[in-house]
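In case you want the letters, here they are:
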Amino acid sequence: MHCPFCRHSDSRVVDSRTSDDGASIRRRRQCPQCQRRFTTIETASLAVVKRSGATEPFSREKIINGVRKACQGRPVSEDDLALLAQGVEETLRGTGSAELDAHEIGLAILGPLRELDVVAYLRFASVYQAFDSLDDFEAAIATLRADRLERPEVTAD
Ligand SMILES: [Zn+2]
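Residues numbered from 1 in each chain as written. Predicted model: local features only at pLDDT ≥ 70, side-chain atom pairs only at ≥ 80, totals over all residues. Heavy atoms only, no water.

1. Side note on the overall build of the protein chain
Okay, step 1: Helix and strand counts for the protein chain come out as 5 helices and 6 strands.
Okay, step 2: Mapped from its N terminus to its C terminus, the protein chain presents α and β elements in the order β-β-β-β-β-α-α-β-α-α-α.
Okay, step 3: Taken over the C-alpha trace, the protein chain has a radius of gyration of 22 Å; the compact-globule value for 157 residues is 15 Å, which it surpasses by more than 25%.
Okay, step 4: Along the first, second and third principal axes, the C-alpha atoms of the protein chain reach 70 × 45 × 30 Å.
Okay, step 5: Evaluated residue by residue, the protein chain yields a buried proportion of 28% over its 157 residues.
Okay, step 6: Here the analysis covers contacts within the protein chain between residues at least 6 apart in sequence; of these, 41% occur between residues at least 24 apart.
Okay, step 7: Carbon and sulfur atoms provide 50% of the accessible area of the protein chain, an area that totals close to 10600 Å². (Helix = DSSP H or I, 4+ residues; strand = E, 2+ residues; numbered from the N terminus. Rg over C-alpha atoms; globule rule 2.2 N^0.38 Å. Buried < 20%, exposed > 50% of the residue type's maximum accessible area, 1.4 Å probe, protein only. Contact = heavy atoms within 4.5 Å. Areas by Shrake-Rupley, 256 points an atom, 1.4 Å probe, with all protein chains shown as cover.)

This is how it looks when you write it as structure tokens:
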């Protein structure tokens, strides 16, 4: 890492700190030539390959924005969205791939969104899976109903 002040080609780490969520490491560095200090942030590389073939860095904020649209008018809080996005990121990082395509990200969102809110799930799935007829909705709803019968909700009484 070049010194950003004098472009010296080396620097010494004087302090390392892991972020609260463990996803990044902040390092304080000192240039041995000009003695000035600067900070670097190290994260595991995770890029998204778009349909156009262009890549962009993975963004939790983009996940939240996409899911928020599907959750309009639904009883889903900002905390729920943040937790969902965090879970999606953990799932994606867990694959060990440095590059993911947009399709894989959509798939990773569908599972937890279904647990969160079935209406939002159907809205998201209809866009993501390009539903183009009532049959597609019927099939998705039939799957939801069948799964619900297999896993009856536990009632406390
Ligand atoms: Zn320097």
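2. Focus on the pattern of salt bridges
Think of it this way: side chains of opposite charge can pair up when their charged atoms draw near.
Okay, step 1: A full pass over the atoms with the stated rule returns 9 salt bridges.
Okay, step 2: With its nearest N and O atoms 3.2 Å apart, the salt bridge here joins glutamate 42 to arginine 27. Residue glutamate 42 is located in strand β3 (residues 37-43), and its partner arginine 27 is located in strand β2 (residues 24-30); the two are separated by 15 residues in the primary sequence.
Okay, step 3: In this structure glutamate 42 comes out as partly exposed when scored by relative accessible area, which is 40%.
Okay, step 4: By relative accessible area, arginine 27 is classed as buried at 17%.
Okay, step 5: One salt-bridge network, in which partners are shared between bridges, spans Lys50, Glu56 and Lys62. (Salt bridge = Lys/Arg side-chain N within 4 Å of Asp/Glu carboxyl O.)

3. Describing the coordination of the zinc ion
Angles at a metal have ideal values that depend on geometry: 109.5 degrees with four tetrahedral donors, 90 or 180 degrees with six octahedral donors.
Okay, step 1: Protein-derived ligands of the zinc ion are Cys3 (SG), Cys6 (SG), Cys31 (SG) and Cys34 (SG), with the metal-ligand distances lying across 2.2 to 2.4 Å.
Okay, step 2: The sequence pattern describing where the donors of the zinc ion fall on their chain is C-x2-C-x24-C-x2-C.
Okay, step 3: Under the relative-accessibility criterion, cysteine 3 is labelled buried at 0%. (Donors = N, O, S within 2.8 Å, 3.2 Å for Na, K, Ca; no water.)

4. What to know about the side chain of threonine 40
Okay, step 1: Tracing the backbone shows threonine 40 in strand β3.
Okay, step 2: Looking at threonine 40, its side chain comes within polar contact range of the side chain of arginine 29, at 3.1 Å.
Okay, step 3: Once residues lying within four places of it in the same chain are set aside, the contact partners of threonine 40 are Met1, Ile25, Arg26, Arg27 and Arg29. (Polar contact = N/O pair within 3.5 Å; in protein donor to acceptor, adjacent residues only side chain to side chain.)

5. Some thoughts on the packing of aromatic side chains
Okay, step 1: Applying the stated rule across the entire model yields 2 aromatic pairs.
Okay, step 2: Ring centres of phenylalanine 124 and tyrosine 128 lie 6.1 Å apart, and the angle between their planes is 25°; this geometry places the pair in the stacked category. You can see phenylalanine 124 and its partner tyrosine 128 sitting in helix α4 (residues 118-128), 4 residues apart, about one turn around the helix.
Okay, step 3: The exposure class assigned to tyrosine 128 is buried, which follows from its relative accessible area of 16%. (Phe/Tyr/Trp six-rings, centres within 6.5 Å; stacked < 30°, edge-to-face > 60°.)

6. Focus: the UniProt feature "domain: ATP-cone" (unreviewed entry) in the protein chain
Okay, step 1: As recorded in UniProt, the sites labelled "domain: ATP-cone" (unreviewed entry) are residues 46-136.
Okay, step 2: Between the end C-alpha atoms of residues 46-136 there is a gap of 32 Å, over a span that is 63% helix and 10% strand. (UniProt positions renumbered as here; feature names shortened; annotations may be inferred.)

7. Things to note about the sheet that holds strand β5 (residues 55-57)
Okay, step 1: Overall, mixed pairing links the 3 strands, which are arranged β5-β4-β6 in an open sheet. Here the strands that pair on one side only, and so sit at the sheet edges, are β5 and β6 (99-101). Put simply, the sheet's adjacent strands are angled 35° from each other on average, direction ignored.
Okay, step 2: Where strand β4 (residues 47-49) lies against β5, 3 bridges are found, and the strand directions are antiparallel. When the sheet's bridge partners are listed, alanine 47 is paired in β5 with proline 57. (Pairing = 2+ DSSP bridges. Axes fitted to C-alpha atoms, helices over the stretch in contact; angles between N-to-C directions.)

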